Amino acid sequence: MLRTQLFVGSAIAALTALTATPVFAGEVAGIVADPTNTAGLRAAEVVIEELGRRAVTSGDGSFIFNDVPAGTYTLTARYVGAEAVRASVTVPAEGTVRQDFTLGQSGSNILVLGQGANLASALSRKRAADGVSDVLTRDAIGQFPDQNVAESLRRLPGINVLNDQGEGRFVTVRGLDPNLNATSLNGVRVPAPGIDERGVALDVISSEIIESIEVKKSLTPDMDADTIGASIEIKTTSAFDRKKDLYVVKLGGSYNDYSGQLTPDVGFDFATKLSDNFGVTGGLSYYNREFESDNIEADGWQQDGNLIYAEEVQYRDYDVERERISATLGFDARIGSHTELYLKGVYSEFNDQEFRRDVIFRLERANVSGSGTNALFDDSNGARIQMRRRVKDRFESSKIRTVVFGGESRFGALKADYALSWAKSSETKDGSLDPTRFDANFRNSGLQIGFDYSDPRIPLYSVTGNSAGFLNPNNYGLNSIEFTQLSQGEDEEFAGRFDLGYEIYSDAGTLTIQGGVKSRWREKAFVGRFEFWENDDLTLADVLGAGQTYRLIDISPLPGFTEATEFFNANRSAFELNEIDTALASNVENFSVDEDIFASYLLGRWEKQQTAGNRRGAL
């Protein structure tokens, strides 16, 4: 696929304005750093005033001007929140002259750390970007108690986060489906851990190992074409991004009032240069959270005169433990004066143990009466009230692993970027009872159930008439056990890319011609074995729990969290396998899909020579 974009009103006019490269020309290079000389300032702007040429600093604060005619020039460095700094340099006929800048001295608003640094960095990178983008840096992420990358992204404009149990999971950009986003980690396209989706669940990745997150909301030719919603680019620390070593330790925790548990949140992150040309980075984060939540869901709403009621009401009691482990390790090296190489790996694991007990009222075949916010259901004259009591004992593990080897080489006006990468995501469930279901049907038993909808968020019920039968666990027989023997989805991708760019300078401006090729080999597969077991003699009374942790209303009797699992594992011979349902559920779900992508692009970027009247970002 070939895509071409020219950032110019008329490419012909731009090419006509070009002149030959001067015979005598040199290079101007340097670094723009903060006042403490701790870190380079990314996306700072450096301008050669006499030529109107502009350069934007890279991640380590470095900049370079190629093919500068011999002579004396004024260089001006600018950064959001800092006063502009000027310096005079004399460029030789051949060779390189260095000029470093320190921005943010007394009288400026820029800070090395904290909110000021985050704001300045984000605005500078937005200004330097070709399209519409938003940026989060390490300082912004660290200011909030965010649990994962999705939680951090909710701070940006135009982004909404889809939650699971109050914790961010999927990200939507400007209202578009999460499956339309492209997520990358250190330039590696991240496959989706989920079985039936392309959107990446970002609750798997801890925010504590992240250096920056950039969300690009507009498409350019050098981006993957399936980036319909946005490109979410997550990056870890580079050893060359700072002039001094970095060591960060985090000690924290969270407390859930319902569970009464204090759970840890700890992390360690570092970046160090072992020499001027070699550095190591890494980090480790561990997060554990035990919590409980009480939930009510209703469906099948009906209206009869002035009475509004639901035909199905569910009271759900959740007890959940979540564990997140993220680790990163990277190596950066400079080979000579023209090439910089890197090797980075990231591992993230998210384990979710969920116990859910629920009571479900099925009232669509019951008699109903009442008015206003009070409804009364009964089972007289052959009507039926169906009660369902279930327990889920499910353990799910999601993993994301990426490795990338790449580099950047620059020879004068010619620049090459290249990378080889591997990524694999997986989601596994095995040995889970999801769920164990007990049913009871009441007909002509004298049972009456009243619902009070005066608080629509918390509808309450009361039982009259045959309350003894309603509360008797022996009346609730086993409907079925859905046993997840194995549910494993894997998404694996190998990729390689090569980009080449060349800059042509003239008195009118700079023309950059950039092109590249990329290949991605992806395989997504799912293997599932779901078994349905029955036992006509088993009742709720055989697996009762010690009590409920639900606080909104008494929903007893309930099965225990693990009693059904323990009984099933200890008495497997007492159960009969439903072979039809088992074969249907297991065979229909399984699949394997290969996806190979080969792409190329061509991009042209024209930047007009800057003058005092048209200079972008002048302070």
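The structure contained in this document is the topic of the report that follows. Not measured: the values here are computed from a predicted model.

A cluster of nonpolar side chains, Leu274, Phe278, Leu329, Phe331, Leu343, Val403 and Phe405, forms an exposed patch at the surface whose accessible area comes to about 590 Å². Within the residue set of the nonpolar patch, elements represented by two or more residues are strand S20 (307-335) and strand S24 (384-411). By secondary structure assignment, the location of Phe405 is in strand S24.

It is worth spelling out the pattern of salt bridges at this point. One pass over the structure, following the stated rule, counts 52 salt bridges. Measuring nitrogen to oxygen at the nearest pair gives 2.8 Å for the salt bridge that ties Asp203 to Arg169. Of this pair, Asp203 sits in the loop between strand S14 (188-189) and strand S15 (212-216) while Arg169 sits in strand S12 (residues 167-173), placing them 34 residues apart in sequence. Taking relative accessible area as the criterion, Asp203 reaches 2% and is therefore assigned buried. Because the salt bridges share partners, they merge into one network encompassing Asp164, Glu167, Arg169, Asp203, Arg289, Arg322, Arg324, Asp352, Glu354, Lys392, Arg394 and Asp434.

What follows covers helix H6 (residues 563-570). An α-helical turn contains 3.6 residues, so any two residues separated by three or four positions project in the same direction. Among the residues of H6, those classed as buried are Ala564, Thr565 and Phe568. An end-on view of H6 places all buried positions within 100 degrees of arc, on one side of the element. Projecting away from the buried face of H6 at angles above 90 degrees are the exposed residues Glu566 and Ala570.

Moving on, we get to the sheet that holds strand S22 (residues 367-371). In spatial order, the strands read S22-S23-S27-S28; together these four strands make up an open sheet with antiparallel pairing. Every other strand in the sheet has two partners, leaving S22 and strand S28 (460-465) as the edge strands with one partner each. Within this sheet the neighbouring strands show an average axis-to-axis angle of 20 degrees, counted without direction. Looking at chain direction, strand S23 (residues 374-378) and strand S27 (residues 447-452) are connected through five bridges and run antiparallel. Bridged to Asn374 within S27 is Asp452.

Moving on, we come to the environment of Met387. Inspection of the secondary structure assignment puts Met387 in strand S24. Overall, the relative accessible area of 0% leaves Met387 in the buried class. A C-alpha to C-alpha distance of 50 Å links Met387 and Asp134, two positions 253 residues apart in sequence. Beyond its immediate stretch of four places on either side in the chain, Met387 contacts Val359, Ile360, Phe361, Phe438, Asp439, Ala440, Phe442, Ile449, Phe470 and Tyr476.

Taking burial as the measure, the five residues of strand S10 (residues 133-137) include five buried ones, the bulk of the element. Judged by which residues are buried, S10 turns out to be covered on both faces: Ser133, Val135 and Thr137 on one side and Asp134 and Leu136 on the other are all buried. Pairing analysis gives five bridges linking S10 to S15, with the strands arranged antiparallel. Looking at S15, one finds that Ser133 is bridged to Lys216.

Under the definition given, this model contains 24 aromatic pairs. When the centroid spacing of 6.3 Å and the interplanar angle of 40 degrees are considered together, the rings of Phe63 and Phe101 count as tilted. With Phe63 in strand S5 (residues 62-69) and Phe101 in strand S9 (residues 101-102), this pair connects stretches of sequence that are 38 residues apart. In this structure Phe63 comes out as buried when scored by relative accessible area, which is 4%. For the pair Trp521 and Phe598, a centre-to-centre distance of 6.0 Å together with 80 degrees between the ring planes defines the contact as edge-to-face. With Trp521 in strand S30 (residues 509-534) and Phe598 in strand S32 (residues 591-608), this residue pair connects regions lying 77 residues apart in the sequence. Through successive ring pairs, a cluster of aromatic residues spans Trp301, Tyr309, Tyr315, Phe361, Phe377, Phe451, Tyr453, Tyr461, Phe470 and Tyr550.

Procedures and definitions
Residues numbered from 1 in each chain as written. Predicted model: local features only at pLDDT ≥ 70, side-chain atom pairs only at ≥ 80, totals over all residues. Heavy atoms only, no water. Patch = residues over 30% accessible without salt bridge, like charges linked within 9 Å, V, L, I, M, F, W, Y side chains within 5 Å. Areas by Shrake-Rupley, 256 points an atom, 1.4 Å probe, with all protein chains shown as cover. Salt bridge = Lys/Arg side-chain N within 4 Å of Asp/Glu carboxyl O. Helix = DSSP H or I, 4+ residues; strand = E, 2+ residues; numbered from the N terminus. Buried < 20%, exposed > 50% of the residue type's maximum accessible area, 1.4 Å probe, protein only. Arc of directions from axis to C-beta. Pairing = 2+ DSSP bridges. Axes fitted to C-alpha atoms, helices over the stretch in contact; angles between N-to-C directions. Contact = heavy atoms within 4.5 Å. Phe/Tyr/Trp six-rings, centres within 6.5 Å; stacked < 30°, edge-to-face > 60°.

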